[in-house]
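Residue-level listing of the chains:
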Amino acid sequence: SQQGEEDPQALSIQEGENATMNCSYKTSINNLQWYRQNSGRGLVHLILIRSNEREKHSGRLRVTLDTSKKSSSLLITASRAADTASYFCATDSQGGKLIFGQGTELSVKP
Amino acid sequence: NAGVTQTPKFQVLKTGQSMTLQCAQDMNHEYMSWYRQDPGMGLRLIHYSVGAGITDQGEVPNGYNVSRSTTEDFPLRLLSAAPSQTSVYFCASSINPYTGAPPGGELFFGEGSRLTVL
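Treat the numbers as computed from the prediction; the structure is a model and nothing was measured.

A. Expanded view of the interface of chain B and chain A. Opposite the 26 residues of chain B that make contact, chain A presents 24 residues. Carbon and sulfur atoms make up 49% of the area that chain B and chain A hide from each other, which totals about 1800 Å². Here chain B is connected to chain A by 1 salt bridge. In this structure, A:R41 and B:E111 form a salt bridge, with 2.5 Å as the shortest nitrogen-oxygen distance. For the pair chain B and chain A, the number of links is 5 residue pairs in polar contact (both at pLDDT 80 or more). Of all the secondary-structure elements, those providing two or more residues to the side of chain B that touches chain A are β4 (31–38) and β5 (42–51) of chain B. Top element by residues in the side of chain B that touches chain A is β5(B). It accounts for 5 residues. For the side of chain B that touches chain A, the per-class residue count stands at 13 nonpolar, 8 polar and 5 charged.

B. Spatial organisation of the environment of A:L98. With respect to the helices and strands, A:L98 occurs in strand β10 (residues 98–100). Since its relative accessible area comes to 3%, A:L98 is described here as buried. The spacing of A:L98 and A:L32 is 66 residues in sequence and 8.9 Å in space, taken between C-alpha atoms. The contact partners of A:L98, leaving out residues within four places of it in the chain, are A:Q33, A:Y35, A:A90, A:T91, A:D92, B:Y31, B:Y35, B:L45 and B:L107.

C. A look at the packing of aromatic side chains. As enumerated under the stated definition, the model contains 8 aromatic pairs over all chains in all. Taken together, a centroid distance of 5.3 Å and an interplanar angle of 55° make the contact between A:Y35 and A:F100 tilted. With A:Y35 in strand β4 (residues 31–37) and A:F100 in strand β10, this residue pair connects regions lying 65 residues apart in the sequence. Residues A:Y35 and A:F100 agree in their burial class; the two are buried. When the ring of A:F100 is compared with that of B:Y35, the centres are 5.2 Å apart and the planes differ by 85°; the resulting orientation is edge-to-face. In this pair, A:F100 is assigned in strand β10 and B:Y35 in strand β4, connecting two distinct chains. Through a chain of ring-to-ring contacts, three or more aromatic side chains come together here, namely A:Y35, A:F100, B:Y35, B:F90 and B:F109. Here the basic side chain of B:R68 rests over the ring of B:F74, its NZ or CZ set 5.9 Å away from the ring centre.

Here is what the cut-offs are and how they apply
- Going along each chain's sequence as written, the residues are numbered from 1 onward.
- Chain labels run from A onward and ligand labels from 1 onward, assigned in the order the entries are written.
- Only residues with pLDDT of 70 or above have their local features reported here, since the model is predicted, and side-chain atom pairs are shown and tallied only from 80 upward, although totals for entire chains, interfaces and linings are computed over all residues.
- Side-chain measures were taken over the full set of non-hydrogen atoms in the model, leaving aside hydrogen atoms and water.
- When checking whether two residues touch, look at their non-hydrogen atoms; a contact exists if any pair is within 4.5 Å.
- Here the quantity called buried area is the total loss of accessible area, with a 1.4 Å probe, experienced by two parts when brought into contact, counted for both.
- Throughout this description, the term salt bridge denotes a Lys or Arg side-chain nitrogen within 4 Å of a carboxyl oxygen of Asp or Glu.
- Distance and chemistry together define a polar contact, namely a pair of N or O atoms within 3.5 Å, with one atom able to donate a hydrogen and the other to accept it when in protein, and with adjacent residues in sequence counting only for side-chain atoms on both sides.
- Helix and strand assignments follow DSSP, with helices taken as H or I runs no shorter than four residues and strands as E runs no shorter than two, numbered in order from the N terminus.
- The residue classification treats Ala, Val, Leu, Ile, Met, Phe, Trp, Tyr, Cys and Pro as nonpolar and Asp, Glu, Lys and Arg as charged. All others, Gly included, are polar.
- The classification of residues rests on relative accessible area computed with a 1.4 Å probe and restricted to protein chains. Under 20% of the type maximum is buried, over 50% is exposed, and intermediate values are partly exposed.
- Geometry of aromatic contacts follows a simple scheme: Phe, Tyr and Trp rings, the Trp one being its six-membered ring, pair when their centres are within 6.5 Å, and the pair is stacked under 30 degrees between planes, edge-to-face over 60, tilted otherwise.
- Two thresholds decide whether a charge sits over a ring: the Lys NZ or Arg CZ must be within 6 Å of the ring centre and within 35 degrees of the ring normal.

In structure tokens:
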């Protein structure tokens, strides 16, 4: 069974709004990563947060990690139409065996 | 810098045929992996390798073989294709997750190989 589960499965917002996606996982992890996938393309790494970190920022991205609840969230601030994509969390619990969630499909309407 | 290159991009097979999906990376990454992506299932790990000569099974290894004779290449073999193997296959690589700095590093993905088995 997959390690990560993402919520919501789909999210539709207007340009300029914030988008929040959540990821829950089952076992203890070394790190958690977020990836983005544009339609028909490969995945692109966005950000990595280690198990001893609680929050990380990268540009308009903010990731939080709560290991006690086994959950993470990805916040995209001031969304743009170009942010339309699928977003996946991935957990590393066995030194590189990266297991992905099912993804959140984000649609940002101009 | 080509990154991770997958061939072919599209392939149609008949049930029972065999084929090999090729993956090559030019970043000197020790870690390479294969995933399949199906609608509603996200990405599932098929096989992975932490270095030449070393491979291991992922979540869904049945029906697939891999080998790693060089650092650059990690081919995925389907010995007898089945309709259930219709999917999009992604190859990905990274620094060695055990010894790299930082460990468990980011994956670099190819553009995918779309396989249909009739």
